[in-house]
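Commentary on secondary and tertiary structure
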Amino acid sequence: GFVRGAQRFDARAFGISLAEAGTMDPQQRLLLELGYGSLHISSHRRSKLLEGNIGVFLGIERPDWALAQPPLARCSVYAATSDNVSVAAGRLSFVLGLQGPCISVDTACASALAAMHTASSAIGDGDCSQALASAIGLKLVAQGTLGAAMAGMLSISGRCKTFDRHANGYVRSEATGALVLCSEENGACAALLGSSAVRQDGRSASLTAPNGSAQCKLLRAAASRTTVEIAYTEAHGTGTALGDPTEAGALA
């Protein structure tokens, strides 16, 4: 699954030269457009954002952009910032003049949720009045896909069959998204985040194997912080014979 038009970018709207835009990781370009768009539809105006206490929290994995570049491109004056994960979040704060916390989070598949949890916690602790929680993942080179295939993680049929006896792996896909978070006192909320929690597997069968017991503790921690009844669950859903039963068992 690929994001269409990932190569397109309105550099002039963000005061970026064409020379610099050409060296930038497409993820940075998309995040600028998506982040500004999300703030705009949340009733923020660009002129009012300058020096505002709004945080930027980004979920992002190791960028492929550096691997896709020819050797000469790595000698560019813009090379140091073109694929840096901290800069991916920092560009939006810089362009809009946001002075709240600015953090990039890499927790692999959980990067988006970890960024949202961190953003929510920052608002609750008073570190910022509002926060943009965003995430992105573009697959720009083949190495990661080939490695996952050799490890037996990918579906040989090219389809995810999560929680199905025919499950034989997952499919790598691209995506990007963003949410503007605020406290109930600082804005009208379209949805309420009842609680969130972040944990780690700790010791398991292998570095990439899940830990059902740890997942149970995570679910209990999140559920204990809210009185909201759970009526729907969106799962990680690895589509593998190892991950699916572990996750389903923990949820049960």
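A short tour of the structure in this document, coming up. This structure is a prediction, so every number in the text was calculated from the model and none was measured.

About the cut-offs
Residues numbered from 1 in each chain as written. Predicted model: local features only at pLDDT ≥ 70, side-chain atom pairs only at ≥ 80, totals over all residues. Heavy atoms only, no water. Helix = DSSP H or I, 4+ residues; strand = E, 2+ residues; numbered from the N terminus. Contact = heavy atoms within 4.5 Å. Expected span 1.5 Å × (residues − 1). Buried < 20%, exposed > 50% of the residue type's maximum accessible area, 1.4 Å probe, protein only. Pairing = 2+ DSSP bridges. Axes fitted to C-alpha atoms, helices over the stretch in contact; angles between N-to-C directions. Parallel < 35°, antiparallel > 145°, perpendicular 65-115°, else oblique. Left-handed = near helix turned anticlockwise from the far one by under 90°.

Here Ser-204 is to be found in the loop between β4 (175-182) and α9 (212-224). If we ignore the near neighbours within four places in the chain, the residues touching Ser-204 are Ala-209, Pro-210 and Asn-211.

To continue, consider helix α7 (residues 111-124). Between its terminal C-alpha atoms α7 stretches 20 Å, which fits the 20 Å expected from 14 residues at 1.5 Å a residue. Residues of α7 that are buried: Ser-111, Ala-114, Ala-115, Met-116, His-117, Ala-119, Ala-122 and Ile-123. The elements touched by buried residues of α7 are β1 (54-60), β2 (102-105), β3 (130-137) and β4. Positive backbone phi, approximately 80 degrees, marks Gly-126, located one or two places after α7.

A few words on the pairing of β1. Counting buried residues in β1 gives 7 out of 7 residues, a clear majority hidden from the surface. Of the two faces of β1, the one holding Ile-54, Val-56, Leu-58 and Ile-60 and the one holding Gly-55, Phe-57 and Gly-59 are both buried throughout. Inspection of the sheet shows β1 paired to β2 by 4 bridges, in the parallel sense. Its bridge partner lying in β2, Val-56 is registered against Cys-102.

At a closest axis distance of 9 Å, the pairing of helix α2 (residues 26-41) and helix α6 (residues 85-96) adopts a crossing angle of 50 degrees. With respect to α6, the element α2 is oriented oblique. α6 is crossed by α2, and the crossing has right-handed handedness. Residues Gln-28, Leu-31, Leu-32, Gly-35, Tyr-36 and Leu-39 of α2 touch α6, and the partners they reach there are Val-87, Ala-88, Arg-91, Leu-92, Val-95 and Leu-96.

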